[in-house]
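# Close look at the chain arrangement
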2 protein chains.
Amino acid sequence: MRKAPTVYDVAQRAGVSIATVSRVLRRPDDVREHTRTVVHAAIQELGYVPSGAARGLAARQTGVLGLCFPDVDGIDELDDLPDPVRIGESVEVVRDVGGPVTARWSNLYLGEVMRGAELEAWRTGHAVMIGVARGLRRAEAVNELAGRVDGLAVLSRSVPDDLLGHIARRVPVVVMAGPPQDDEHDHIFVDNRAGTRALVEHLVSDHGIRDLAFVGGPVDSPDDHQRFAGFVDALQAAGIRAPDEPVARSDFTRGGARDLAHRMVGRRGQPGGALPRALVCSNDQTALGFLDVLTEAGVDVPGDVVLTGFDGIDDTQTSAPRITTVRQPMVELGRAAVELLRSRLADPSAPAATVNLPVRVLLRESCGCR
Amino acid sequence: MRKAPTVYDVAQRAGVSIATVSRVLRRPDDVREHTRTVVHAAIQELGYVPSGAARGLAARQTGVLGLCFPDVDGIDELDDLPDPVRIGESVEVVRDVGGPVTARWSNLYLGEVMRGAELEAWRTGHAVMIGVARGLRRAEAVNELAGRVDGLAVLSRSVPDDLLGHIARRVPVVVMAGPPQDDEHDHIFVDNRAGTRALVEHLVSDHGIRDLAFVGGPVDSPDDHQRFAGFVDALQAAGIRAPDEPVARSDFTRGGARDLAHRMVGRRGQPGGALPRALVCSNDQTALGFLDVLTEAGVDVPGDVVLTGFDGIDDTQTSAPRITTVRQPMVELGRAAVELLRSRLADPSAPAATVNLPVRVLLRESCGCR
DNA sequence: TTGTATGCGTTATCAA
DNA sequence: TTGATAACGCATACAA
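Bear in mind the structure is a predicted one, so any value in this text is a computation, not a measurement. (Residues numbered from 1 in each chain as written. Chains lettered and ligands numbered in written order. Predicted model: local features only at pLDDT ≥ 70, side-chain atom pairs only at ≥ 80, totals over all residues. Heavy atoms only, no water.)

## Side note on the interface of chain A and chain B
- With 98 residues of chain A at the interface, the matching set in chain B holds 97 residues.
- Counting each side, the surface lost to burial between chain A and chain B is near 8,600 Å², with a carbon and sulfur contribution of 58%.
- Grouping the amino acids of the side of chain A that touches chain B by side-chain chemistry returns 49 nonpolar, 20 polar and 29 charged.
- Where strand 2 (residues 92–95) of chain A and strand 13 (residues 360–363) of chain B come together, four bridges link them in parallel fashion. Paired with V93 of chain A across the bridge in strand 13 of chain B is V361 of chain B. (Contact = heavy atoms within 4.5 Å. Buried area = accessible area lost by both parts, 1.4 Å probe. Nonpolar A, V, L, I, M, F, W, Y, C, P; charged D, E, K, R; others polar. Pairing = 2+ DSSP bridges. Helix = DSSP H or I, 4+ residues; strand = E, 2+ residues; numbered from the N terminus.)

Here you go:
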């Protein structure tokens, strides 16, 4: 490792030219079997590993695809970092008093996307490089990532538009799971709208519910916006009068949803304060928060109120009752991103593509199924 | 994107030499402010993004660290791949009948390691590249990964020893979470032995249990081996006669543990078939499997039998009772790997290092606490 | 403070 | 089937 051997070393050792060494690695069929054997032997003896940098430079492509995520750890500064590992410390024995199970939604989410991307990249002999856009030097980091890859898949809003535009002049960019947008990049959308619509249609058609309310998320969430649109779609299709706005908005967290639920439950007695037959929540955390409070208040789910979510996080599978929801196609998102990148690399001049990922509605007990 | 601009383009546009362009990017303080401004303007106008390959080649280091995992998806062939994304398909509505919650232990495990590595790498301006050693061309893939990075952290047994030796002649290698081994590489161990010992000492000292049995995992698992050693340590320290072997072995899966538990529970009536006061399981899945069966059979945990696990997976937090276990320091593992890589790069001639990561014993209800 | 020139380790194009 | 040799895009030592 003192000084890594190069093609020259291998060539010398094998008594051939560097061109032949390169050929043995890239197009083995173009060299005589004997030569091949000799070269391979030299490679083994020297411990030769080709330099990716040199290859990338000469071949004008690195074989690496990039995946750029937003900062899910909420780290903006080096100071925010958790303590580094302290080595040599002894075992610690602690009483685990419980508390809420850590919600690792974003980790899981991103992990699945990565898994899908890696899988699809592996299929075609690509490597994938992960980048997290965090901290003050994030622009710089994203730039460097872009400089190292043949194509870049970016999770929506992890990179500002202007930076994205800059980068896109060097490598193809695909934006994952963003709001509908009309720019030069390829896009992959998750069909929030169709998913919610299908879910609500189930409530109306199969359960005969006509008194539904939509509990929204943050106003600036494009996902929320699409989901509400799907809600409206379904109601209109069923000839039910649709509201202009969600009946209320939470912040997409379970705690925030609890607060909201408390207020709504408290108003039950007042005129116009009655709970609707079905609460269609904009995400799972919201549904879970409502479930907590409704259960506490003695409101039966789904007997008194039907509850649904969106995302398909694990907790919706273990709650009582399990929550009917719409599963986000995380792995598929990653795979689709890589697919799109590849076809873009194959045909750079094709018009910008838009992919709408299908979604899956999971019927469980909270909507009255079974 | 048709043809990415290079330093030459920027230099020309800015009316300076390529050296100056490079300096503006690498050592801005060495250039006059005006020049800097002009160059930056040119960079923006052209959409210049430096080539990582060229940088790596010229600077003799890529700024990328590699992370190599074993194949957790069990994919050996392209044929094993799940179906690719089908685009344009409509929403699917399915009845989710339940079944076991998907155990994503390895995903979570690896995800956490990655998160730790990425975090630590980010601190020092490094990028990290993930590689999964899978399929027939795995050696090739690992080689390519090694060729692209400045250092490589490898999860134990994801790469055969000879390949690792080959690679190590080019880049520093650190092996994560393997069996004690005496080779040229740096190693990071998770202190399975001390963790189990501390856990068992708790059972003996704090709960006064003297009738304990160890339910092992696969014989070829070094982790299992270490954990059993810790079990023995604790017993011997307490003056309790320690067995030579685990009382039984499961395959580290919940299902396998269930089968085993059924057999053990079935033997209860027979002479010598009585259950011990405490079952120390080699991993969490095993403990969970036993919990399933014991609960079914009306054996109270921890009243009749005390149960403990190892790993700290999420399910141990939601089971009833929650399971006392030892948490694997996944994030720390990733961070430590990167730390070690960095110090190795800083001083290539230092002797091979060995890091023992501390572990945390989580006392919960399954051991009788609270 | 800036420019010139060289080398980094491959791939790929031609010749031989 | 093999060998010279010219890119590839940048960093950097050295000159100016």
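There's more to say after this.
## Regarding the protein's contact with DNA strand D
- Taken together, 26 residues lie around DNA strand D, and T35 and R60 of chain A together with V7, S22 and Y48 of chain B are the ones closest in.
- Looking at DNA strand D alone, sugar and phosphate atoms form 63% of those within 4 Å of the protein.
- A54 of chain B places a polar main-chain atom, nitrogen or oxygen, 3.5 Å from a base nitrogen of DNA strand D.
- The set of elements that each furnish at least two residues to the surface near DNA strand D consists of helix 2 (18–26) and helix 4 (52–59) of chain A together with helix 1 (7–14), helix 2 (18–26) and helix 4 (52–59) of chain B.
- Class assignment for the residues of the surface near DNA strand D results in 14 nonpolar, six polar and six charged. (Near = heavy atom within 4 Å. Polar contact = N/O pair within 3.5 Å; in protein donor to acceptor, adjacent residues only side chain to side chain.)

## Some details on the pairing of strand 12 (residues 354–357) of chain A
All names here are of chain A.
- On strand 12, burial follows the alternation: V355 and L357 on one face are buried, whereas T354 and N356 on the facing-out side are not.
- Of the pairings in the sheet, the one linking strand 6 (residues 186–190) to strand 12 comprises four bridges and is parallel in character. Residue pairing across strands places H187 opposite T354, the latter belonging to strand 12. (Buried < 20%, exposed > 50% of the residue type's maximum accessible area, 1.4 Å probe, protein only.)

## Section: the nonpolar core
- One finds M176, L212 and L333 of chain A together with M176 and L212 of chain B to be the most contacted residues of the largest nonpolar core, which totals 103 residues.
- The contact partners of L212 of chain B, leaving out residues within four places of it in the chain, are V200, L203, V204, F231, L235, I240, P276, A278 and V280 of chain B. (Core = buried A, V, L, I, M, F, W, Y, C linked by side-chain atoms within 4.5 Å.)

## Digging into the protein's contact with DNA strand C
- Taken together, 27 residues sit near DNA strand C, with V7 and S22 of chain A together with T20, T35 and R60 of chain B positioned nearest.
- By atom count, sugar and phosphate contribute 62% of the portion of DNA strand C lying within 4 Å of the protein.
- In this structure, Y48 of chain A approaches DNA strand C through a side-chain N or O atom, which is 2.9 Å from a sugar or linking oxygen.
- For DNA strand C, a phosphate oxygen lies 2.6 Å from a polar atom in the side chain of T20 of chain B.
- When residues of the surface near DNA strand C are traced back to their parent elements, those giving at least two are helix 1 (7–14), helix 2 and helix 4 of chain A together with helix 2 and helix 4 of chain B.
- A per-class count over the surface near DNA strand C returns 14 nonpolar, six polar and seven charged.

## As for the pattern of salt bridges
- Evaluation of the coordinates by the stated rule reveals 46 salt bridges over all chains.
- Between E245 of chain B and R249 of chain B there is a salt bridge, with the nearest N and O atoms lying 3.8 Å from each other.
- Here the salt bridges do not stand alone but share partners, grouping D96 of chain A together with R322, R364 and E365 of chain B into one network. (Salt bridge = Lys/Arg side-chain N within 4 Å of Asp/Glu carboxyl O.)

## Some remarks on the relation of the copies chain A and chain B
- For these two chains of identical sequence, chain A goes onto chain B by a turn of 180° and a shift of 0.1 Å along the axis, with RMSD 0.1 Å. Viewed as a symmetry operation, the transformation between the two copies matches a two-fold axis.
- Both copies share a contact surface, since 99% of the interface residues of chain A are interface residues in chain B too. (Least-squares fit on C-alpha atoms with pLDDT ≥ 70 in both.)

## Regarding the packing of aromatic side chains
- Applying the stated rule across the entire model yields six aromatic pairs over all chains.
- Where F228 of chain A meets F231 of chain A, the ring centres are 6.1 Å apart and the plane angle is 25°; that geometry is what we call stacked. Here the residue F228 of chain A and the residue F231 of chain A both occupy positions in helix 9 (residues 222–237), the gap between them amounting to three residues, near one helical turn. Pair check on accessibility: F228 of chain A and F231 of chain A agree, each one buried.
- Feature note: the residues F214, F228 and F231 of chain A constitute an aromatic cluster, connected by ring pairs.
- Directly above the ring of W122 of chain B sits R134 of chain A, whose terminal nitrogen or CZ lies 4.8 Å from the centroid. (Phe/Tyr/Trp six-rings, centres within 6.5 Å; stacked < 30°, edge-to-face > 60°. Lys NZ or Arg CZ within 6 Å of the ring centre and 35° of its normal.)

## With respect to the domain arrangement of chain A
- Splitting chain A by domain gives domain 1 (7–50), domain 2 (64–75 + 104–190 + 330–358) and domain 3 (192–328 + 361–367).
- Here domain 1 of chain A and domain 3 of chain A have C-alpha centroids that lie 64 Å from each other. (Domains from an automatic or database assignment.)

## Focus: empty space enclosed by the protein
- With the rule as written, the count across this model stands at four cavities of 30 Å³ or more.
- Size it by volume and the second largest cavity reaches roughly 190 Å³.
- G52, A53 and R148 of chain A together with A53 and R148 of chain B are the residues nearest the centre of the second largest cavity, which is lined by 14 residues in total.
- Per-element tally for the lining of the second largest cavity: the top contributor is helix 4 of chain A, with three residues.
- For the lining of the second largest cavity, a count of residues per class yields six nonpolar, six polar and two charged. (1 Å grid on protein atoms, 1.4 Å probe; cavity = no way out; pocket = protein on both sides within 12 Å on 5 of 7 lines; lining within 4 Å. Points joined across faces, edges and corners; volume = space filled by probe spheres on them.)

## A look at the packing of helix 6 (residues 138–148) of chain B against helix 7 (residues 161–168) of chain B
All names here are of chain B.
- In contact at an axis separation of 10 Å, helix 6 and helix 7 are set at 25° when each is read in the N-to-C sense. Comparing the axis directions of helix 6 and helix 7 gives the class roughly parallel. By crossing handedness, the relation of helix 6 to helix 7 is classed as right-handed. Here A139, V142, N143 and A146 of helix 6 come into contact with helix 7, specifically with L163, H166 and I167.
- Within the contact of helix 6 with helix 7, the residues separate by chemical class into five nonpolar, two polar and no charged. (Axes fitted to C-alpha atoms, helices over the stretch in contact; angles between N-to-C directions. Parallel < 35°, antiparallel > 145°, perpendicular 65-115°, else oblique. Left-handed = near helix turned anticlockwise from the far one by under 90°.)

## Quick notes on the sheet that holds strand 9 (residues 278–281) of chain A
Residue and element names in this part refer to chain A.
- Pairing within the open sheet is parallel, and its four strands lie in the order 8-7-9-10. The outermost strands of the open sheet, each flanked by one partner alone, are strand 8 (248–249) and strand 10 (306–308).
- In this sheet, strand 10 lies alongside strand 9 in parallel orientation, the contact comprising three bridges. Counterpart to V280 in the pairing with strand 10 is T308.

## So, the pairing of strand 3 (residues 127–133) of chain A
- Burial of strand 3 of chain A is extensive: seven of the seven residues sit out of reach of the surface.
- Judged by which residues are buried, strand 3 of chain A turns out to be covered on both faces: A127, M129, G131 and A133 of chain A on one side and V128, I130 and V132 of chain A on the other are all buried.
- When strand 1 (residues 64–70) of chain A meets strand 3 of chain A, the two strands line up parallel, connected through seven bridges. Its bridge partner being in strand 3 of chain A, L67 of chain A is matched across the sheet by I130 of chain A.
- Here strand 3 of chain A runs beside strand 3 (residues 127–133) of chain B; their pairing, made up of three bridges, is antiparallel. If you follow M129 of chain A over to strand 3 of chain B, its bridge partner there is M129 of chain B.

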